[in-house]
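Now for the letters of each chain:
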Amino acid sequence: MEFKNTLEFAQSLDAQDHLSTYRDEFIFPKINGKEVIYFTGNSLGLQPKRTKAFVDEVMKDWAELAVEGHFYAEKPWWDYHERLAEPLAKVVGALPEEVSVMNTLTVNLHFLMVSFYNPTKKRFKILCEEKAFPSDQYMFQSQVRFHGLDSDETIVELKKREGEHHWRTEDILAKIEELGDELALVLIGGVNYYNGQVMDMEAITKAGKAVGANVGWDLAHAVGNVELKLHEWDADFASWCSYKYMNSGPGNASGIFVNQKHLNKKDIQRFEGWWGTKKETRFLMKPEFEPMENADAWQISNVPVLSVAPYLASLTMFEEVGMEKLIAKRNLIVSYLEYILHEIDKEVNSSFEIITPKDRGCQLSVFLHGQGKSLFNYLMENGVVTDWREPNVIRLAPAPFYSTYEDMYRFGQILKAGVLAN
């Protein structure tokens, strides 16, 4: 498609957009009385309007039924999370029994490492990307200390090539082969939070499994954003947060994937709690742990229903639309945003370097050569909600559910004015 940097062209794309009606499903903040151009769905998605009804239903049941809501609410609380398994499985490419909803992301990764990081004298190394999201770094370091190992010897960070902003798949595969039978665990962000790169999860998983390592994925920036086929790829486990592209609300419940082949294994290491026991015998209060036969066996405590309700509300939209249509719009709108950036670049005395490779999802990370944080402040003050990362990068993530092509055009005009004003 031949793009044009005009309002009329942007509006023509919106007129052809089959998802355009979903914009009205979301609540937008306002700056100077106008709805913002929202680029931070990679940090916190906007609130769907239908969320309130799901939360209000739980509050009503609590008020009218109290403890009986666990079993007699229209959506009983004791198995509320089970309603999310099937739609979530479609989003992450899993079987419904491989998916559960619980806790928060880093908590879940810690629990999953109990099961999938069991170092031996020979096989003990962990492979991750350099400068992984800080929470992942802290998790790795604390897990290694827990096992009495040395971080410098145990944690292997994948490096980018000198002068490059992204990882090359061939370098990752070569490092896996080099570590060989010393490698216990590969655990990488499926989409890098900083540069927006989508890792070749299929190839990396295959390589990790080939040398005998367990392979897991932190899908915080991938879920609801890119195509995932966790079961088909034979990943051992994964976890993700729900409040970015999944629009479930700040800090809300996380999801996990545990490969079917690890379910019902009596010898698997796992921290266990009451809600992971079989439903049929749970309330007999038996002293023996009888695990659920699905990923719910990793649950520890009863479900935080008020946290899960907004997640269920959002998933109803993913069910209606499907990832295929979301990805199709994502590809077009991100390409149009890239075009707009290049066009504005030609018109101002500045340089915008896109450090996100072509293997990408919703996010473009842009290095603002010749500009400082004053430009970011200008954008925010003029209704563009974006994200600043040191030293000089803004992250732009047009979520296909609610971003428009007109947003991309108007952002370009505000960006141009901001550069000229600074």
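Residues numbered from 1 in each chain as written. Predicted model: local features only at pLDDT ≥ 70, side-chain atom pairs only at ≥ 80, totals over all residues. Heavy atoms only, no water.

(A) Region of the structure containing the pairing of strand E17 (residues 393–396). Alternating residues of E17 divide into Val-393 and Arg-395 and Ile-394 and Leu-396, and every residue in both groups is buried. Both strand E14 (residues 364–369) and E17 contribute to a ladder of 4 bridges, which runs antiparallel. Of the residues in E17, the one forming a bridge with Phe-367 is Val-393. Where strand E16 (residues 387–389) meets E17, 3 bridges bridge the pair, whose relative direction is antiparallel. The residue of E17 that forms the bridge with Arg-389 is Val-393. Here E16 hands over to E17 after 3 residues, the two strands then running antiparallel side by side. (Buried < 20%, exposed > 50% of the residue type's maximum accessible area, 1.4 Å probe, protein only. Helix = DSSP H or I, 4+ residues; strand = E, 2+ residues; numbered from the N terminus. Pairing = 2+ DSSP bridges.)

(B) Region of the structure containing the UniProt feature "modified residue: N6-(pyridoxal phosphate)lysine" (unreviewed entry) in the protein chain. When the UniProt feature table is mapped onto this chain numbering, "modified residue: N6-(pyridoxal phosphate)lysine" (unreviewed entry) sits at Lys-244. For Lys-244, a relative accessible area of 10% translates into the label buried. Filtering out sequence-adjacent residues up to four positions away, Lys-244 remains in contact with Gly-41, Asn-42, Ser-43, Leu-44, Gly-45, Ala-220 and His-221. (UniProt positions renumbered as here; feature names shortened; annotations may be inferred. Contact = heavy atoms within 4.5 Å.)

(C) Geometry of the environment of Gly-370. The topology assignment puts Gly-370 in the loop between E14 and helix H13 (373–381). Judged by relative accessible area, Gly-370 falls into the exposed class, the value being 78%. Along the sequence, Gly-370 and Phe-352 sit 18 residues apart, while their C-alpha atoms lie 8.8 Å from each other.

(D) Just the sheet that holds E14, in detail. The sheet built from 4 strands is open, its strands ordered E13-E14-E17-E16 with antiparallel pairing. Pairing within the sheet leaves two strands with one partner each, and these edge strands are strand E13 (351–354) and E16. Sheet twist, expressed as the average angle between the axes of neighbouring strands with direction ignored, equals 30°. Two strands pair when backbone bridges link them, and E13 and E14 are joined in this way by 4 bridges, in the antiparallel orientation. In the strand pairing of E14, Ile-354 is matched with Val-366. Packed on one face of the sheet, helix H12 (residues 323–347) meets E13, E14 and E17 and runs near 150° to E13. Across the face of the sheet, H13 comes into contact with E14, E16 and E17 while running at roughly 170° to E16. (Axes fitted to C-alpha atoms, helices over the stretch in contact; angles between N-to-C directions.)

(E) Up close: the nonpolar core. Grouped together as the largest cluster of nonpolar side chains are 73 residues, with contacts concentrated most on Trp-217 and Trp-240. The element contributing the most residues to this core is helix H11 (residues 305–321), with 10 residues. No fewer than three residues from each of domain 1 (7–48 + 322–421) and domain 2 (80–321) sit in this core. Among all residues touching Trp-217, those that are not within four sequence positions of it are Leu-187, Ile-188, Gly-189, Gly-190, Met-199, Met-201, Ile-204, Thr-205, Ala-235, Phe-237, Ala-238 and Ser-239. Of all hydrophobic cores here, the second largest spans 34 residues; its members include Phe-39, Phe-352, Leu-364 and Tyr-405. (Core = buried A, V, L, I, M, F, W, Y, C linked by side-chain atoms within 4.5 Å. Domains from an automatic or database assignment.)

(F) Looking closely at the UniProt feature "binding site: pyridoxal 5'-phosphate" (unreviewed entry) in the protein chain. Taking the numbering used here, the UniProt-annotated feature "binding site: pyridoxal 5'-phosphate" (unreviewed entry) corresponds to Leu-105, Thr-106, Phe-133, Pro-134, Ser-135, Asp-136, Asp-218, His-221, Tyr-243, Trp-274 and Asn-302. Over a stretch of 198 residues, the named residues are scattered through the fold, their C-alpha atoms separated by up to 31.2 Å. Of the annotated set named above, Pro-134 line the largest pocket. Mapped onto the elements of the fold, Thr-106 is located in helix H5 (residues 105–116). Among the residues examined, Thr-106 registers a relative accessible area of 22% and is labelled partly exposed. Only 2.6 Å separates the side chain of Ser-135 from the side chain of Thr-106, close enough to count as a polar contact. (1 Å grid on protein atoms, 1.4 Å probe; cavity = no way out; pocket = protein on both sides within 12 Å on 5 of 7 lines; lining within 4 Å. Polar contact = N/O pair within 3.5 Å; in protein donor to acceptor, adjacent residues only side chain to side chain.)

(G) View of the packing of aromatic side chains. One pass over the full model with this rule turns up 24 aromatic pairs. Residues Phe-3 and Phe-9 carry aromatic rings whose centres are separated by 6.2 Å and whose planes lie at 75° to one another, so their mutual orientation is edge-to-face. The same class applies to Phe-3 as to Phe-9, namely buried. Both rings, one in Tyr-22 and one in Phe-401, keep their centres 5.5 Å apart while their planes meet at 50°; by these two values the pair is tilted. Of this pair, Tyr-22 sits in the loop between helix H1 (7–15) and strand E1 (26–27) while Phe-401 sits in the loop between E17 and helix H14 (405–421), and the two are 379 residues apart along the sequence. When sorted by exposure, Tyr-22 lands in the same class as Phe-401, which is buried. By the ring-pair criterion, three or more aromatic residues cluster together here, those being Tyr-22, Phe-26, Phe-28, Tyr-38, Phe-318, Phe-401 and Tyr-402. Sitting above the plane of the Trp-167 ring, Lys-160 keeps its charged end 4.3 Å from the centroid. Note that Lys-279 overlies the ring of Trp-78, its terminal NZ or CZ placed 4.8 Å from the centroid. (Phe/Tyr/Trp six-rings, centres within 6.5 Å; stacked < 30°, edge-to-face > 60°. Lys NZ or Arg CZ within 6 Å of the ring centre and 35° of its normal.)

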